[in-house]
Amino acid sequence: MKKIYKEYIDFMKKSKCVYISSIDDNTKPEISYSPCIVDNEKNVYILVSELSKRTHSLDQGRNVSLMFIEPENQCEELYVRIRLIFDCSTKQIDRQTEKWNEQITIFLDKFGDIINILKSLRDFKMFCFSPISGTFVK
């Protein structure tokens, strides 16, 4: 069991992006993706603009479903791509907090100078998704 746990944690952490499924105010489903970082407790962080359609839904703190999936060009068979799916709670991380500063440093390390630009734009928000339950398919 520890081996499987390590495998899916490593899979999450090496992923550069996550797919995000949410619902809008009219319960219409929305799907998107975002570059992400993952902490040691499996929390997933994204930076997203208020101009993005999905941001309003995330602002409401609604639960989301996340999917990490093996890139098509790296899998042996498209029907059996490695994937990790979580149902998650959603929380916005305020800019004036230690958590924001900690995570921005990790974003910078992972994605480079573009993060300096994004963090300077006031419309960019950080969200944290905390897993509630999940499935790892390998």
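Coordinates for the structure precede this section.
Here the structure is a predicted model, which means the values were calculated and not measured.

Reading the values: the criteria
Residues numbered from 1 in each chain as written. Predicted model: local features only at pLDDT ≥ 70, side-chain atom pairs only at ≥ 80, totals over all residues. Heavy atoms only, no water. Phe/Tyr/Trp six-rings, centres within 6.5 Å; stacked < 30°, edge-to-face > 60°. Helix = DSSP H or I, 4+ residues; strand = E, 2+ residues; numbered from the N terminus. Buried < 20%, exposed > 50% of the residue type's maximum accessible area, 1.4 Å probe, protein only. Core = buried A, V, L, I, M, F, W, Y, C linked by side-chain atoms within 4.5 Å. Contact = heavy atoms within 4.5 Å. Patch = residues over 30% accessible without salt bridge, like charges linked within 9 Å, V, L, I, M, F, W, Y side chains within 5 Å. Areas by Shrake-Rupley, 256 points an atom, 1.4 Å probe, with all protein chains shown as cover. Salt bridge = Lys/Arg side-chain N within 4 Å of Asp/Glu carboxyl O. Pairing = 2+ DSSP bridges.

A. View of the packing of aromatic side chains. Enumeration over the complete set of coordinates arrives at five aromatic pairs. With a centroid separation of 6.2 Å and 50 degrees between ring planes, the pair formed by Phe11 and Phe136 is classed as tilted. Separated by 125 residues along the polypeptide, Phe11 in helix H1 (residues 2–14) and Phe136 in strand S7 (residues 124–137) bring together distant segments of the chain. One aromatic cluster is present, built from ring pairs that chain together Tyr5, Tyr8, Phe11, Phe86 and Phe136.

B. Spatial organisation of unusual backbone geometry. Non-glycine residue Thr27 carries a positive phi angle of around 60 degrees. Positioned with a positive phi, Lys42 is a non-glycine residue whose angle comes to about 75 degrees. Residue placement: Lys42 occurs in the loop between strand S3 (37–38) and strand S4 (44–49). A relative accessible area of 18% places Lys42 in the buried class.

C. Geometry of the nonpolar core. Counting residues in each nonpolar core, the largest one holds 20 residues, and the members touching the most others are Met12, Val18, Val44, Ile46, Leu66, Phe68 and Phe129. At the level of secondary structure, the elements contributing two or more residues to this core comprise H1, strand S1 (17–23), S4, strand S5 (64–69), strand S6 (83–93) and S7. Sorting elements by how many residues they give to this core places H1 first, with four residues. In terms of nonpolar packing, the next biggest core, distinct from the first, is built from twelve residues, Tyr45, Leu47, Leu118 and Met126 among them.

D. Quick look at the environment of Val18. Mapped onto the secondary structure, Val18 falls in strand S1. Val18 sits 45 residues away from Asn63 along the chain, and the two C-alpha atoms are 15 Å apart. Apart from the residues lying within four places of it in its own chain, the contact partners of Val18 are Ser32, Tyr33, Ser34, Cys36, Val44, Ile46, Leu66, Met67 and Phe68.

E. Up close: a nonpolar patch on the surface. The grouping of Tyr19, Ile31 and Tyr33 at the surface amounts to a nonpolar patch, some 360 Å² of accessible area in total. Topologically, Tyr33 is positioned in strand S2 (residues 29–35).

F. Looking closely at the sheet that holds S1. Within the open sheet, the seven strands sit side by side as S2-S1-S5-S6-S7-S4-S3. Their pairing is antiparallel. Two strands close off the open sheet at either side, each with one partner strand: S2 and S3. Pairing of S1 with S5, which is carried by three bridges, proceeds in the antiparallel orientation. Across the sheet, Ser21 pairs through a bridge with Ser65, a residue of S5.

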